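Reading the structure
Chain by chain, the residues:
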Amino acid sequence: MDTPSDRFAGQQRRSFWLKHLHQWHWISSAICLVAMIAFSVTGITLNHAAQIEARPQVTTREGQLPGPLLALLPPAPSAARAPLPGAVADWLSGQLPASVDVQVGEWTDDEVYVALPRPGGDAWVSIDRVDGAYSFEKTDRGWVSYFNDLHKGRSTGEAWKWFIDVFAVACLVFCVTGLFLLQLHARNRPVTWPMVALGVAIPVVLAIVFIH
């Protein structure tokens, strides 16, 4: 039989866990709030990508490398994949609506091809190694495609990949603390565990029955 001191100790433990779980729950929810809304919306747009009409805008440019820059290109490719010389990359980045200086080019005897992937579109530049003529093409598929690619982490760079990892950890903290809060409040909310079980059962049943 519980004594008053046992009940008091139990209440203190409950208060301790409620305080800390609520604190971590609201902190993680604050960190996740905007990103979770964005990822939820882009989850819908990705799920209905075929129904969302996109009108890609294509930009093309052609030009010529100055003689001194053409001379910086090695006469024979030292490797199949290597970056452009710094001065060439900087000059092209100033001429084109794309950054070339951080990309690796594909070298052949005749040309250098540099792919310039980006969220919401693609781009590339090709340089003729003989006469220095370059061709550039950029495709922009619009803002919906841009945010969809952010959702997938496509061509977003290291900083965004780190952000997604931190966001995922914050979501885990939010969900795990929410689960423990459900447990602490379940005694006064009989529908708690049936609702949790329903949340588990629905995706499982859909996966088993409708996904083949």
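The paragraphs below set out a description of the structure included in this document.

Moving on: the sheet that holds strand E2 (residues 81–83). Strand order in the open sheet formed by six strands is E1-E6-E5-E4-E3-E2, and the pairing between neighbours is antiparallel. Strands at the two margins of the open sheet, each flanked by one partner only, are strand E1 (57–64) and E2. For this sheet, the mean angle separating the axes of adjacent strands, direction not counted, is 25°. Bridging between strand E4 (residues 111–115) and strand E5 (residues 121–128) involves five bridges; their strand directions are antiparallel. Bridged to valine 114 within E5 is valine 125. Against the sheet, helix H3 (residues 86–95) engages E1, E5 and strand E6 (133–140), with an angle of about 50° to E6.

Let us look at the side chain of lysine 138. Tracing the backbone shows lysine 138 in strand E6. As a buried residue without a salt bridge, lysine 138 has its nearest oppositely charged side chain in aspartate 140, at a separation of 5.5 Å. Within the structure, the side chain of lysine 138 is placed 3.5 Å from the backbone oxygen of proline 97, a separation counted as a polar contact. Filtering out sequence-adjacent residues up to four positions away, lysine 138 remains in contact with Gln57, Val58, Thr59, Pro97, Arg118, Asp122 and Ala123.

The next thing to look at is the side chain of arginine 129. In this structure, arginine 129 sits in the loop between E5 and E6. Despite its burial, arginine 129 pairs with no opposite charge; the closest candidate is aspartate 109, at 5.1 Å N-O.

Calculation criteria
- Residues numbered from 1 in each chain as written.
- Predicted model: local features only at pLDDT ≥ 70, side-chain atom pairs only at ≥ 80, totals over all residues.
- Heavy atoms only, no water.
- Pairing = 2+ DSSP bridges.
- Helix = DSSP H or I, 4+ residues; strand = E, 2+ residues; numbered from the N terminus.
- Axes fitted to C-alpha atoms, helices over the stretch in contact; angles between N-to-C directions.
- Contact = heavy atoms within 4.5 Å.
- Buried < 20%, exposed > 50% of the residue type's maximum accessible area, 1.4 Å probe, protein only.
- Lys, Arg positive; Asp, Glu negative; His and termini not counted.
- Salt bridge = Lys/Arg side-chain N within 4 Å of Asp/Glu carboxyl O.
- Polar contact = N/O pair within 3.5 Å; in protein donor to acceptor, adjacent residues only side chain to side chain.

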